[in-house]
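Fold and geometry: a report
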Amino acid sequence: MTSTAHTHTLTLTLASGDVDLTYGVDERGDGRPFLLLHGGGGPATVAGFAGLLADQRAARVITPVHPGFGGTTRPDWLTGVPALARIYVRLLDELGLSGVTVVGNSIGGWIAAEMALLGSDRISGVVLVNAVGVDVPGHPVADPFTLTPAELSVLSFHDVEKFRIDPSTFSDEQRAAAAANRAALQVYSGPHAMADPTLRERLAKVTHPVLVAWGESDQVCDTAYGQAYAAAIPGARFELLPGTGHMPQIETPEQLLTTVWDFAAVHSAHRSGD
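Residue indices begin from 1 for each chain and proceed along its sequence in written order. For a predicted model such as this one, the threshold for reporting local features is a pLDDT of at least 70, and the threshold for listing and counting side-chain atom pairs is 80 or more; totals across whole chains, interfaces and linings nevertheless cover every residue. Hydrogen atoms and water are omitted, and side-chain values are computed over all heavy atoms in the structure.

**Some words on the packing of aromatic side chains**
Spelled out, the test is: Two aromatic rings, drawn from Phe, Tyr or Trp (for Trp, its six-membered ring), form a pair once their centres lie within 6.5 Å of each other, and the interplanar angle then sorts them: stacked below 30 degrees, edge-to-face above 60, tilted otherwise. Per-residue accessibility, obtained with a 1.4 Å probe over protein chains only, is compared with the maximum for each type, and a residue is labelled buried under 20%, exposed over 50%, and partly exposed between these values. A ring is considered to have a charge above it if a Lys NZ or an Arg CZ atom is located within 6 Å of its centre and within 35 degrees of its normal.
For the structure on display, the rule yields five aromatic pairs. On the basis of an interplanar angle of 15° and a centroid distance of 5.0 Å, the ring pair of Phe157 and Phe163 is categorised as stacked. Classification of Phe157 by relative accessible area gives buried; the value is 6%. Classification of Phe163 as buried rests on a relative accessible area of 17%. A cation over an aromatic ring shows up here: Arg32 above the ring of Trp261, its NZ or CZ 4.6 Å from the ring centre.

Following this line, the structure appears as structure tokens:
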């Protein structure tokens, strides 16, 4: 099928202030809605998966750009993941969506977890894909600000040679974009090494269905970290994804597609039958 992805910008007003939010919509007709939240690598890390999901499953996929990433601006008041979660719940309200499956990778998973805590009835389920954000003693998240892109790629992928990042091949524009993304990530991640010390305990209040999907070869945050994440959420299911690392949506997209779609199909059906 031909891609029908379109980019939009919407000004949202929250108690903290206004924010201009850029988001993409990739859809094939009136499909099941998904909110797909990117990680620290920026919106390009989920763009291909959004197209695959929309193409192969007739889904409507919304892909917001976290303000400050991808050449967008970030208002001074927007400095944390909980605020991003409130923005995206407001976006669902503005778009009038219901039965939404929220899928987040890495810091996008952290945002998705905070969205689950807000309890929006527009959300039918949440998928955390190698999410960061919780504090698990003995299993720290690799600090992306102390690693080179090459070192981080070694920790991120199962097939390192296939997906290795070589910054020497970047254009000036790509270098500038990567630096801006890194700066935005540093603001959002806060002072505690990609984690909120309060999040793990707060997750006990989540009532949405949650799937924690984890690439088994992830060395950014290991399998034990993912299992602890799932254990903190009432009723959450943990699913290990073989042969993939921190970004399954890039490394094994077809595998993640099946996992995400099967979860969404079950919980959207349950929601419609409520």
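**Remarks on the pairing of strand β5 (residues 100–105)**
Heads up, the condition is: Helix and strand assignments come from DSSP, with helices taken as H or I runs of at least 4 residues and strands as E runs of at least 2, each series counted from the N terminus. Two strands pair if DSSP finds at least two bridges between them.
Among the six residues of β5, six are classified as buried, and the element is accordingly described as predominantly covered. Residue alternation in β5 divides its side chains into two sets, Val100, Val102 and Gly104 and Thr101, Val103 and Asn105, and both sets are buried. Pairing between strand β3 (residues 32–37) and β5: four bridges, direction parallel. Bridge pairing in β5 places Phe34 opposite Thr101. The pairing of β5 with strand β6 (residues 123–129) spans six bridges and is parallel. Paired with Thr101 across the strands is Gly125, a residue of β6.

**With respect to empty space enclosed by the protein**
As a reminder of what qualifies: Lining residues are defined by having an atom within 4 Å of a point belonging to a cavity or pocket. Those points lie on a 1 Å grid over the protein atoms alone, cavities being sets where a 1.4 Å probe fits but cannot get out and pockets being open sets with protein on both sides within 12 Å along at least five of seven lines. Grid points are joined across faces, edges and corners, and a volume is the space filled by probe spheres set on the points. Classes in brief: Ala, Val, Leu, Ile, Met, Phe, Trp, Tyr, Cys and Pro nonpolar; Asp, Glu, Lys and Arg charged; the others, Gly included, polar.
All told, the structure shown has one cavity of 30 Å³ or more when counted by the stated rule. Its volume calculated, the largest cavity comes out at about 40 Å³. Forming the walls of the largest cavity are Leu36, Val46, Phe49, Val103, Gly104, Asn105, Val129, Gln249 and Leu256. Going through the elements one at a time, α1 (44–57) and β5 are the ones with two or more residues in the lining of the largest cavity. With three residues, the top contributor of residues to the lining of the largest cavity is β5. Partitioning the lining of the largest cavity into residue classes produces six nonpolar, three polar and no charged.

Scope: geometric values only; no functional claims are made or implied.
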